[in-house]
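What follows is each chain in one-letter form.
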Amino acid sequence: RQQLRDEIVVDLLPRAFTRSQRLYAYLDPSARWLVVDSAAPRRAEELLAMLRESLGSLRARPLAVQRSPAERMTRWIERRPPAGFVLSDECELREPLENGGVVRCRRQPLVADEVAAHLEAGKQAVRVALEWQGRLACVLGDDLAVRRLRFLDVVQDEADRSAGDDAADRFDVDFALMTLELRQFVPALVDAFGGEAD
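So, a few notes on the structure that sits alongside this text. Along each chain, residues carry numbers from 1 onward, in the same order as the chain's sequence is written. For a predicted model such as this one, the threshold for reporting local features is a pLDDT of at least 70, and the threshold for listing and counting side-chain atom pairs is 80 or more; totals across whole chains, interfaces and linings nevertheless cover every residue. The side-chain figures draw on all heavy atoms in the structure; neither hydrogens nor water molecules are used.

Considering the packing of helix α5 (residues 153–162) against helix α6 (residues 167–192)
Inclusion rule: For helices, the axis comes from a line fit to the C-alpha atoms of the stretch in contact; other axes are also lines fit to C-alpha atoms, and the angle between any two N-to-C directions lies between 0 and 180 degrees. Strands are runs of DSSP state E lasting at least 2 residues, helices are runs of H or I lasting at least 4, and numbering of each runs from the N terminus. Working rule for handedness: look at the near helix, and if it is turned counterclockwise from the far one by less than a right angle, call the crossing left-handed; if clockwise, right-handed. The contact rule is simple, with two residues in contact once any of their heavy atoms fall within 4.5 Å. In the scheme used here, Gly and all other residues not listed as nonpolar or charged are polar, with Ala, Val, Leu, Ile, Met, Phe, Trp, Tyr, Cys and Pro taken as nonpolar and Asp, Glu, Lys and Arg as charged.
Taken N-terminus to C-terminus, the directions of α5 and α6 make an angle of 145°; their axes are 9 Å apart at the nearest point. The interaxial crossing formed by α5 with α6 has right-handed handedness. Here Val155, Gln156, Glu158, Ala159, Asp160 and Ser162 of α5 come into contact with α6, specifically with Arg170, Val173, Asp174, Leu177 and Glu181. Partitioning the contact of α5 with α6 into residue classes produces four nonpolar, two polar and five charged.

Digging into the side chain of Arg147
Defined as follows: Distance and chemistry together define a polar contact, namely a pair of N or O atoms within 3.5 Å, with one atom able to donate a hydrogen and the other to accept it when in protein, and with adjacent residues in sequence counting only for side-chain atoms on both sides.
With respect to the helices, strands and loops of the structure, Arg147 is situated in strand β7 (residues 146–151). Of note is the side chain of Arg147, whose polar atom sits 3.2 Å from the side chain of Asp143. What Arg147 contacts, discounting residues up to four positions off in sequence, is Ala39, Arg127, Cys138, Val139 and Gly141.

Here's the deal with the nonpolar core
To be explicit about the condition: Residues enter a nonpolar core if they are buried and are Ala, Val, Leu, Ile, Met, Phe, Trp, Tyr or Cys, with the set joined through side-chain atoms within 4.5 Å. Only protein chains enter the area calculation, which uses a 1.4 Å probe; residues under 20% of their type maximum are buried, those over 50% are exposed, and those in between are partly exposed.
Formed by 32 residues in total, the largest nonpolar core has its most connected members in Trp76, Ile77, Leu93, Val128, Phe185 and Phe193. Looking at this core, the elements that each hand over two or more residues are α3 (69–78), β3 (85–94), β4 (102–106), α4 (113–120), β5 (124–132), β6 (136–141) and α6. When residues in this core are grouped by element, the largest group, six residues, is from α6. Setting aside residues up to four positions removed in sequence, Val128 forms contacts with Met73, Ile77, Leu87, Glu90, Cys91, Leu110, Cys138, Val139 and Leu140.

By themselves, these are just geometric observations and shouldn't be taken as functional.
Laid out in structure tokens, this is it:
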């Protein structure tokens, strides 16, 4: 019995603590984008490393734009965002100095006097909640990571009309609508920052 018990422990122990994680991504060859469902650069790099291991090589680099995201997002709050974008009610402002102050606003109109006072004091926007064309909402960071992406009612209604009864059909429809929306959103976002850096 003891030998059987030891064999079972030796056999099952390595499987007891395995963690399985899913990370979604899609490749848009015509637009030359690899979109990864993670705002953490480390997780995206892990996915790229696995792809490179599988494919042999994969040339990819993080998105870089012409204009400073922090400066542009600060301007959006001070004046107004570019066409198609609407500021929501959340932002994070930070002093550009090392160990500078940080202010986080939630459920706060970004045109409020308190926010303007922080901007006048020299803080810059490093995260801003946005809506785009009434179709999606997100929190955009100065690292160009799109966090808390959610599709608004217009897109959700399209998904509900197109979805089938089973989970696989629903996933296919959701994924197709997501990629179609992002195919329009990502170029608009890049254009808002002056285009891609050379």
